[in-house]
Amino acid sequence: MHNRLVAKALALSLVSIGIMSFSKASAQETLACQGLDGESVDIAALYVDNFAGWHSVGEEAWLSFTSGSQLIFHLCSVDNNNSYLIAQNSLGNNFNPGLFSRFEWSESNGQLFYCQQVYNSGSASEAEDFSVHPAADSSDPNDSGCGANGQFPWSQLVTIQR
């Protein structure tokens, strides 16, 4: 129980730091996507993943803290029925700044997994076009199915706080 409380406190601290940076960064950016405007994301929560990364999924952004990097993805749209969302990469991101991503999620054996199947599209509509970027294969999320050729495992998300 003590380890879980420490992990939760650490996660909340990291997210607080990220939210402060997020507010500063978003004030300087002019982006096409600025949040969901009243829609909700079914998987909105604070998570740790199986690669020691931290994620905060909300109504305005997906914040990711991994390997010393802070990445911000501004939400454009969500399709909860088909388990994906479209986001615009922050201009301050180290990878593909200003481009568009598609995050997909799936549950397997009671576990939640996500895949950033698209990360460098020129528009939100292209990122959402499944004929251009096919859906990730969720049949074996622990070992494969994510990426253009399905060569990467999905990332498991463990809920810290809903």
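What this report covers is the structure whose coordinates are included nearby. The structure presented is a predicted model; accordingly, all values stated were derived computationally and were not measured. (Residues numbered from 1 in each chain as written. Predicted model: local features only at pLDDT ≥ 70, side-chain atom pairs only at ≥ 80, totals over all residues. Heavy atoms only, no water.)

1. Some points on the pattern of salt bridges
Pairing between side chains of opposite charge can happen when their charged atoms approach one another. Following the criterion strictly, the structure yields one salt bridge and no others. The partner of Glu-104 in a salt bridge is Arg-102, and the shortest N-O contact between them spans 2.8 Å. There is no split in this pair, since Glu-104 and Arg-102 are both buried. (Salt bridge = Lys/Arg side-chain N within 4 Å of Asp/Glu carboxyl O. Buried < 20%, exposed > 50% of the residue type's maximum accessible area, 1.4 Å probe, protein only.)

2. Brief notes about the environment of Ile-72
Among the secondary structure elements, Ile-72 is positioned in strand β4 (residues 69-79). In this structure Ile-72 comes out as buried when scored by relative accessible area, which is 3%. Taking the C-alpha atoms as reference, Ile-72 lies 9.2 Å from Ala-87; in sequence the two are 15 residues apart. (Helix = DSSP H or I, 4+ residues; strand = E, 2+ residues; numbered from the N terminus.)

3. Some thoughts on the nonpolar core
Generally speaking, soluble globular proteins have nonpolar side chains that are buried together. Ranked by size, the top nonpolar core spans 18 residues in total, and within it Val-41, Ile-43, Trp-62, Leu-85 and Trp-105 carry the most contacts. Of all the elements in the fold, those that place two or more residues in this core are β1 (45-49), β4, β5 (84-89), β6 (100-108) and β7 (111-121). No other element matches the four residues that β4 contributes to this core. Setting aside residues no more than four positions away along its own chain, Val-41 makes contact with Leu-36, Val-57, Gly-58, Glu-59, Leu-75, Val-78, Asn-80, Leu-85 and Trp-105. Of all hydrophobic cores here, the second largest spans eight residues; its members include Leu-46, Val-48, Ala-61 and Leu-63. (Core = buried A, V, L, I, M, F, W, Y, C linked by side-chain atoms within 4.5 Å. Contact = heavy atoms within 4.5 Å.)

4. Re the sheet that holds β5
Taken together, eight strands build a closed barrel; the order of strands is β1-β2-β3-β4-β5-β6-β7-β8 and the barrel is antiparallel. Pairwise comparison of adjacent strand axes, ignoring direction, gives a mean angle of 35° for this sheet. Two elements, β6 and β7, share eight bridges in a ladder whose sense is antiparallel. Paired with Glu-107 across the two strands is Leu-112, which belongs to β7. (Pairing = 2+ DSSP bridges. Axes fitted to C-alpha atoms, helices over the stretch in contact; angles between N-to-C directions.)

5. Comments concerning the state of the cysteines
Within the structure shown, the criterion is met by two disulfides. Linked covalently through their sulfurs, Cys-33 and Cys-76 form a disulfide whose S-S length is 1.8 Å. Judged by the sign of its S-S torsion, about 90°, the cystine formed by Cys-33 and Cys-76 is right-handed. Here the residue Cys-33 occupies a position in the loop between α1 (2-28) and β1, and Cys-76 occupies one in strand β4, the gap between them amounting to 43 residues. Since its relative accessible area comes to 6%, Cys-33 is described here as buried. Through a disulfide, Cys-115 is tied to Cys-146; the S-S separation comes to 2.0 Å. With the S-S dihedral at roughly 85°, the linkage between Cys-115 and Cys-146 falls on the right-handed side. Residue Cys-115 is located in strand β7, and its partner Cys-146 is located in the loop between α2 (124-128) and β8 (155-161); the two are separated by 31 residues in the primary sequence. Each of the two residues, Cys-115 as well as Cys-146, counts as buried. Taken N- to C-terminal, the disulfide-bonded cysteines of the protein chain are connected 1-2, 3-4. (Disulfide = S-S within 2.5 Å.)

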